[in-house]
Every structure is written in structure tokens, then in C-alpha cells.
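# Chains, contacts and geometry: an overview
The chain contents come next:
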Amino acid sequence: MIPVGFDYQRPESVDAALALLAEHGDDATVLAGGHSLLPVMKLRLAAPEVVIDIGRVAELNYIRVDGDEIAIGAGTRYRDIVISDVLAKECALLPAVTRTVGDPQVRHRGTLGGALAHGDPAGDLPAAILALEGTIVLRSPRGERKVPITEFYTGVFSSVKEPDELIVEIRVPRTGSTGWAYEKFTRRSNDWAIVAVAVVTAADGARRIGLVNMGSTPLRAKATEAALAEGKSIEEAAALAAEGTEPPADNAGTPEYRRHLVTVLTRRALQTAAG
Ligand SMILES: Cc1cc2nc3c(=O)[nH]c(=O)nc-3n(C[C@H](O)[C@H](O)[C@H](O)COP(=O)(O)OP(=O)(O)OC[C@H]3O[C@@H](n4cnc5c(N)ncnc54)[C@H](O)[C@@H]3O)c2cc1C
């Protein structure tokens, strides 16, 4: 289908993008990689009057160590995350997860900021950043604020981001090259996850677990995390992974199937992360 007509703007700086957002308010939408927005516009589920393309805002494209965190520009494309030497050494979960997203075309266009702003509960990156307890940096004409991803999502495809705010940066801790795992279950290699589980070992040894496609937002496997902290075995803890989740029903599986699958994937991911 063809989208409703719109005005196209291509700012070259964050300030120019913010000025356009402020000028056009709710009538405007940001375009990054376009791999989620354009399908939605073609289906006419979104009909923005103004599309602000931030795809060429170079200042949003970087990956660098900053103290005990890694700072990643919101416009950084998946491919640059996959091939990043900094991330391979300092936060190896992220390239490993990103490598599983879609196909090469999607990974050359899609951006980390776009994935987090879109917030698809079936998306790989939101749950990975949740397991990492990352921070989302939002900027608007009113200034900048940092929102922990644990407080970012409010419901299905919705977040605390205001219409005039741009995600400018994502910050994740330097978790290193070991102690992580990502188990993504798909029917075919390029598919979206039926269920996926990201495990990260934090600096204090605690395991943090992010779940994909187990509810209306990306979720943490809180009962499993708590059981591990109490000293329960991986098998005992993983059996609790579906607690507090509300998985969807679709052609790929029933909620009961997903509740079983998540316990299997969590056990495997915890075993892999343990080395
Ligand atoms: C064929 C195909 C297969 C896919 N497979 C997978 C998969 O296996 N796993 C997966 O996780 N995803 C998958 N995706 C989705 C893909 O990851 C998207 O690219 C991603 O979710 C959105 O990133 P984007 O840069 O394309 O954002 P866009 O589509 O440009 O934007 C998405 C939303 O975010 C907003 N936005 C973008 N950037 C910002 C910003 N900096 N600040 C504020 N708002 C912003 C936009 O306004 C829009 O609402 C697939 C997509 C396709 C087309």
C-alpha cells in the first residue's frame, strides 16, 4: 500500500531535528532506518503530516567508551554494532543479539534508537538493553534527561518519550566479553523471535535476564533472577522464568507454548552464560 502524502524534512543536526519536532508537534514523526515506521505508514496505521529524516545526522552515529559505560549514538545502525571492536570487548551481548535481527538489509538500515523508540515487545534489542539495565538519553528543547530502560516502557508500543523528544544516546555498562548469552527461538533464521532470552552477568555476579515476546513490553524474568540470588540451581530458577509474563497468542504459538519455551531457553542461556 502507498502511505498518505507527507512533507519530508532532512535535518543535518540534532538541534535542527529538535527545532522541526518543536515546530510541528504531534503532526511530525522521526524517521531513522524506516524499517518499522515505513511499514506502519504503508498500512496507514500512521499518517504523519511531516516526516523528519534523521538518517544523515552524523552526530548520532558513534560507539565509545565513557567511564564505566559504553555510549552509543541513537542513529548507530545495527551493522555498526555487529562489527564494533569496542562492543566485542566491552559489551559482547549487544553485537551477538544484533546479529540475529532480520536480514542484512534490515541490519544496514535499522538503528538502535529506532528499535528502542518503536519498542516492539517482539524486538531483540529492547530486551537486551533491559537485561543490561541500560539508560536512554532523551533530548528536547527543554533539555536532556536520562531514563533507565527499566522505567522507559509504559505499555504496548508506548513509552515515557514525549512527542518533541529525540532519543540521542543509549548507555550500557561495560559487562565485558563473557558471562552473557542470547537464546532466540525462530522457525527460520531471519524471523522475529517466537521467544528469546538475554542473560547478562553484572559486575556483582548477579544474573539479569531480559525476555522477548513474553508480554506487552520487554520484560525481566524477575522470579528467576531472585531464585538465582537465593542460591537456587539454574534448573530450579529457570523453571520460574514464565512467572509474571503474559505471552501473546499468534500463528507461531500459544501462550502455553511460549511459557514452556521460555523456561527451556532461560535454562540454556544461564548455562551458556555460566561458561
Ligand atoms: C523484514 C524485517 C525484519 C525484521 N526483523 C527483526 C527482527 O528479527 N528483530 C527485531 O528486533 N527487529 C526486526 N525488524 C525491525 C527492525 O529492527 C527495525 O529497523 C527497528 O525496529 C526500527 O529501527 P529503525 O531505525 O528502522 O526505526 P524507524 O522505522 O525509522 O522508526 C521506528 C519508530 O521509532 C521512532 N524513532 C526512530 N528513531 C528515533 C529517535 N532517535 N528518537 C525518537 N524516536 C525515534 C520513529 O519515529 C518511529 O516511531 C525487522 C524489520 C523488517 C522490515
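Residues numbered from 1 in each chain as written. Predicted model: local features only at pLDDT ≥ 70, side-chain atom pairs only at ≥ 80, totals over all residues. Heavy atoms only, no water.

Naming follows an unreviewed UniProt entry, where the chain appears as Carbon-monoxide dehydrogenase medium subunit of Pseudonocardia halophobica.

## With respect to the site of the ligand
The following threshold applies: For each residue, the test is whether any non-hydrogen atom lies within 4 Å of the molecule or strand; if one does, the residue is near. Pairing of N or O atoms within 3.5 Å defines a polar contact, subject to two protein rules: one partner must be a possible hydrogen donor and the other a possible acceptor, and residues neighboring in sequence count only if both atoms are side-chain atoms. Residue exposure ignores everything except the shown protein chains as possible cover, and the areas themselves are Shrake-Rupley values with a 1.4 Å probe.
In the vicinity of the ligand, 29 residues are found, and the nearest of them are Val 30, Leu 37, Tyr 78, Thr 111 and Asp 124. With respect to the ligand, the backbone of His 35 contributes an N or O atom lying 2.9 Å from an oxygen atom. Between the ligand and Gly 102, the relevant distance is 3.1 Å, taken from an oxygen atom to a main-chain nitrogen or oxygen of the residue. Starting from 970 Å² of accessible surface for the ligand in isolation, the protein chains cover 87%.

## Brief notes about the domain arrangement of the chain
Worth spelling out the cut-off: The domain limits used here are those given by an automatic or database domain assignment. Contact definition: two residues touch when any of their heavy atoms are within 4.5 Å. Once two parts are put together, the accessible area they lose, assessed with a 1.4 Å probe and summed over both, is termed the buried area. When a carboxyl oxygen of Asp or Glu is within 4 Å of a side-chain nitrogen of Lys or Arg, the pair counts as a salt bridge. Labels follow the DSSP assignment, with helices taken as runs of H or I lasting at least four residues and strands as runs of E lasting at least two, numbered in each case from the N terminus. All amino acids are sorted into three groups, where Ala, Val, Leu, Ile, Met, Phe, Trp, Tyr, Cys and Pro are nonpolar, Asp, Glu, Lys and Arg are charged, and the leftover types, Gly among them, are polar.
According to the domain assignment, the chain contains domain 1 (7-53), domain 2 (59-173) and domain 3 (180-274). Relative to domain 3, the C-alpha centre of domain 2 lies at a distance of 20 Å. Every contact between the two is made by 25 residues of domain 2 and, on the other side, 22 residues of domain 3. Around 1900 Å² of area is buried between domain 2 and domain 3 when both sides are counted, 65% of it from carbon and sulfur atoms. Inspection of the region where domain 2 meets domain 3 yields 3 salt bridges. Residue Arg 208 is joined to Glu 133 by a salt bridge in which the shortest nitrogen-to-oxygen separation is 3.4 Å. For the pair domain 2 and domain 3, the number of links is 7 residue pairs in polar contact (both at pLDDT 80 or more). Put simply, the parts of the chain that give the side of domain 2 that touches domain 3 at least two residues each are helix 5 (93-98), helix 8 (124-131) and strand 8 (153-155). When its residues are assigned to classes, the side of domain 2 that touches domain 3 shows 16 nonpolar, 5 polar and 4 charged.

## With respect to the sheet that holds strand 3 (residues 50-53)
Pairing between sheet strands relies on hydrogen bonds along the backbone, with the strands arranged either parallel or antiparallel. To keep it simple, the criterion reads: Two strands pair if DSSP finds at least two bridges between them. Where helices are involved, their axes are fitted lines through C-alpha atoms of the stretch in contact, as for all axes, and angles between N-to-C directions lie from 0 to 180°.
Spatially, 1-3-2 is the arrangement adopted by the 3 strands of the open sheet, whose pairing is parallel. Each having just a single partner strand, strand 1 (7-9) and strand 2 (28-31) make up the two edges of the open sheet. Ignoring which end each strand starts from, the neighbouring axes of this sheet average 25° apart. In the packing of helix 1 (residues 14-24) onto the sheet, the strands contacted are strand 1, strand 2 and strand 3, and the crossing angle to strand 3 comes to about 165°.

## A few points about the side chain of Glu 90
Defined as follows: Burial classes follow relative accessibility: with a 1.4 Å probe on protein chains only, a residue under 20% of its type's maximum area counts as buried, one over 50% as exposed, and anything between as partly exposed.
When you line up the elements, Glu 90 lands in helix 4 (residues 85-90). On the accessibility criterion, Glu 90 (11% relative accessible area) is buried. Of note is the side chain of Glu 90, whose polar atom sits 3.5 Å from the side chain of Lys 89. In this view, Glu 90 contacts Val 65, Ile 70, Pro 173, Arg 174, Thr 175 and Gly 176; residues no more than four positions away in its chain are not counted.

## Section: the side chain of Asp 124
Considering the arrangement of structural elements, one finds Asp 124 in helix 8. At 2.9 Å, the side chain of Asp 124 forms a polar contact with the side chain of Lys 184. Residues in contact with Asp 124, not counting those within four places in the same chain, are Val 97, Thr 100, Val 101, Tyr 182, Lys 184, Ala 193 and Val 212.

## Describing the pairing of strand 10 (residues 166-173)
Where burial is concerned, most of strand 10 is hidden: 7 out of the 8 residues are buried. The pairing of strand 5 (residues 69-73) with strand 10 spans 5 bridges and is classified as antiparallel. Directly across from Ile 72, in strand 10, lies its bridge partner Ile 170. Sheet topology note: the strand 6 (residues 135-140)/strand 10 ladder contains 5 bridges and is antiparallel. Paired with Arg 139 across the bridge in strand 10 is Leu 166.

## Side note on the pairing of strand 12 (residues 195-201)
With 6 of 7 residues buried, strand 12 is to be regarded as a mostly interior element. Here 6 bridges tie strand 12 to strand 13 (residues 207-212), and the two strands are oriented antiparallel to one another. For Val 199, the partnering residue across the bridge sits in strand 13 and is Ile 209. Hairpin connection from strand 12 to strand 13: 5 residues lie between these consecutive antiparallel strands, with Gly 205 at a positive phi of about 90°.

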